[in-house]
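Residue-level structure breakdown
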Amino acid sequence: MNEIIESFQEVNWPLIAPILILSLVLMIVALIDCIKHDKTNGPQWIWILVIVFVNFFGPILYFLFGRRND
Amino acid sequence: MRSQWIILFKKEFRESIRNFKWLWIPTVFVLLGLMQPITSYYIADILEQFGGLPEGTVMELPPPSGAEVLTGTLGQFSQIGFLVLVLAFMGTVVTEKNQGTLIMVLVKPVSYVNYLTAKWVHLLILSLTSFVLGFVMSVYYTFLLIDTIPISQVVNGALVYALWITFVMTIVLCLSALLNSTAFVAFATLGTAILFSIFSLYAPDLMKGTPGMLATYSQQFFYLGEVESGFWISIFVTLGLILAMMIATIFLFNKKEFAKDVQ
């Protein structure tokens with residue numbers, strides 16, 4: 001465990017930051033859209049879980065399959 | 001005539017801003033473009049920490065070259081990127097057809113040419129913008145972290161790959177206009193793209209002069225800076241096919257009866 005913590009401290013954060021920020025942007029936009037719409041394809045709470053917990057692919061899956069276009 | 005086209009184009013644009021396509025598709029491409037050079041840079045550390053190798057294993061990984069990383073980025077775009085683009089746009093005409101909105105549009109004196117080309121141009125602008133943004137980020141990080149390669153090679157390779165994206169996106173639009181099921185549009189488009197890539201990988205001689213070789217040619221630009229013979233034939237065949245598909249679709253779309261598609 002200590003090794004992992006050390007390796008986290010060694011990580012070059014400025015390098016990783018853009019990835020983290022963009023993933024976060026993607027997640028927040030998907031989340032806002034999901035909450036604002038009353039109807040989604042399938043239960044809304046499952047989509048919220050998918051968006052928050054499935055890293056990177058969760059928001060994409062929501063935008064592709066979760067939105068209703070009407 | 002031209003103002004009608006602009007109205008239809010603006011409608012497409014507004015629609016995909018409203019459903020966030022202009023936000024999330026470029027973001028996905030930028031993320032894909034960033035991840036490739038960064039994981040290549042950290043691959044030795046990642047394997048050491050999380051690879052589950054036995055204690056004391058000495059890893060001797062040769063550092064990847066810049067061309068390798070850029071090829072890897074295009075590989076990501078070809079897999080996840082194409083999947084996202086095709087799934088996002090498979091319904092571009094089909095859903096309008098099935099929901100009945102297409103009839104509402106075409107009841108008015110709207111020309112099929114304008115309707116389809118407005119969709120086509122918008123689709124290309126969105127997918128090529130996403131590709132360029134993602135690829136620029138990838139090139140920047142590759143140059144920063146790994147290796148530089150002459151910028152002219154990068155630009156040439158990217159232009160060739162952009163033509164391949166154009167080709168695949170044209171297939172999406174044409175099939176979406178002609179078929180009645182979104183799933184089948186996605187299946188047929190991705191199937192065509194995969195068949196082209198597999199054949200050009202295993203039987204390059206057979207595929208000489210087809211669109212399938214374009215991805216290979218862009219890799220050759222990255223690695224060598226020059227391409228083998230048959231490159232220009234491929235380019236012109238692809239351009240010809242794109243034009244032929246658009247004309248054929250507009251012609252067939254004209255003949256189709258829409259009324260029976262809507263209950």
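Check the entry above for the structure.
Residues numbered from 1 in each chain as written. Chains lettered and ligands numbered in written order. Predicted model: local features only at pLDDT ≥ 70, side-chain atom pairs only at ≥ 80, totals over all residues. Heavy atoms only, no water.

Residues and elements named next belong to chain B. Enumeration according to the criterion identifies 26 aromatic pairs over all chains in this entry. Between the aromatic rings of Phe77 and Phe131, the centroid separation amounts to 5.8 Å while the plane-to-plane angle is 80°, which identifies the pairing as edge-to-face. Of this pair, Phe77 sits in helix 3 (residues 66-89) while Phe131 is found in helix 6 (residues 112-145), placing the two residues 54 residues apart along the sequence. In terms of burial, Phe77 and Phe131 fall into one category: buried. Cluster of aromatic residues (ring-pair linked, three or more members): Phe29, Phe77, Phe82, Phe131, Phe135, Tyr161, Trp164, Phe167, Phe196 and Phe222. The ring of Phe89 carries the charged tip of Lys21 above its face, separated from the ring centre by 4.9 Å. (Phe/Tyr/Trp six-rings, centres within 6.5 Å; stacked < 30°, edge-to-face > 60°. Helix = DSSP H or I, 4+ residues; strand = E, 2+ residues; numbered from the N terminus. Buried < 20%, exposed > 50% of the residue type's maximum accessible area, 1.4 Å probe, protein only. Lys NZ or Arg CZ within 6 Å of the ring centre and 35° of its normal.)

What follows deals with the environment of Phe29 of chain B. Residue and element names in this part refer to chain B. Mapped onto the elements, Phe29 comes out in helix 2 (residues 21-50). Expressed as a C-alpha distance, the spacing of Phe29 and Ser127, which sit 98 residues apart in the sequence, is 9.4 Å. Once you skip the residues sitting within four places of it in the chain, Phe29 turns out to touch Phe77, Gly81, Leu85, Ser130, Phe131 and Gly134. (Contact = heavy atoms within 4.5 Å.)

On to the interface of chain B and chain A. Across the boundary between the two partners, chain B contributes 22 residues, which contact 23 residues of chain A. Carbon and sulfur atoms make up 82% of the area that chain B and chain A hide from each other, which totals about 2100 Å². At the boundary of chain B and chain A, one finds zero salt bridges. Remark: the boundary between chain B and chain A carries zero residue pairs in polar contact (both at pLDDT 80 or more). Elements with a contribution of two residues or more to the side of chain B that touches chain A: helix 2, helix 3 and helix 6 of chain B. Each residue belonging to the side of chain B that touches chain A can be placed in one class, and the counts come to 18 nonpolar, three polar and one charged. (Buried area = accessible area lost by both parts, 1.4 Å probe. Salt bridge = Lys/Arg side-chain N within 4 Å of Asp/Glu carboxyl O. Polar contact = N/O pair within 3.5 Å; in protein donor to acceptor, adjacent residues only side chain to side chain. Nonpolar A, V, L, I, M, F, W, Y, C, P; charged D, E, K, R; others polar.)

Moving on: a negative patch on the surface. On the surface, Glu3, Glu6 and Glu10 of chain A together with Asp45 and Glu48 of chain B cluster together to form a negatively charged patch. Residue assignment for the negative patch shows that the elements contributing at least two residues are helix 1 (2-10) of chain A together with helix 2 of chain B. Counting residues per element, the negative patch draws most heavily on helix 1 of chain A, which supplies three residues. Here Glu10 of chain A shows up in helix 1. For Glu10 of chain A, a relative accessible area of 65% puts it in the exposed group. (Patch = residues over 30% accessible without salt bridge, like charges linked within 9 Å, V, L, I, M, F, W, Y side chains within 5 Å. Areas by Shrake-Rupley, 256 points an atom, 1.4 Å probe, with all protein chains shown as cover. Lys, Arg positive; Asp, Glu negative; His and termini not counted. Charge placed at Lys NZ, Arg CZ, Asp CG, Glu CD.)

This brings us to the packing of helix 3 of chain B against helix 6 of chain B. For any two helices packed against each other, the geometry comes down to the angle between their axes and how far apart the axes lie. Residues and elements named next belong to chain B. Look at helix 3 against helix 6: their axes get within 11 Å of each other, and the N-to-C directions meet at 155°. Accordingly, the angle class assigned to the pair helix 3 and helix 6 is roughly antiparallel. Between helix 3 and helix 6 lies a crossing of right-handed hand. Taken together, the residues of helix 6 that come into contact with helix 3 (itself represented by Gly66, Val69, Leu70, Thr73, Leu74, Phe77, Leu85 and Phe89) are Leu123, Leu126, Ser127, Phe131, Gly134, Phe135, Ser138, Val139 and Thr142. Looking at side-chain class alone, the contact of helix 3 with helix 6 contains 11 nonpolar, six polar and no charged residues. (Axes fitted to C-alpha atoms, helices over the stretch in contact; angles between N-to-C directions. Parallel < 35°, antiparallel > 145°, perpendicular 65-115°, else oblique. Left-handed = near helix turned anticlockwise from the far one by under 90°.)

A separate point is the environment of Gly81 of chain B. Residues and elements named next belong to chain B. On the secondary structure map, Gly81 appears in helix 3. For the pair Gly81 and Pro26, spaced 55 residues apart in sequence, the C-alpha separation works out to 9.9 Å. Other than its neighbours up to four places away in sequence, Gly81 contacts Phe29, Leu32 and Gln76.

Next up on the list: helix 4 (residues 57-66) of chain A. The buried fraction of helix 4 of chain A is high, at seven of 10 residues. Every buried residue of helix 4 of chain A is listed here: Gly58, Pro59, Ile60, Tyr62, Phe63, Leu64 and Gly66 of chain A.

On to the pattern of salt bridges, then. Residue and element names in this part refer to chain B. This model, assessed by the stated rule, comprises six salt bridges over all chains. Between Lys119 and Glu12 there is a salt bridge; the shortest N-O distance is 2.7 Å. Of this pair, Lys119 sits in helix 6 while Glu12 is found in helix 1 (residues 2-18), placing the two residues 107 residues apart along the sequence. As far as burial versus exposure is concerned, Lys119 and Glu12 are alike and both buried. It is possible to trace a salt-bridge network through shared partners that takes in Lys11, Glu12, Glu15, Glu96 and Lys119.

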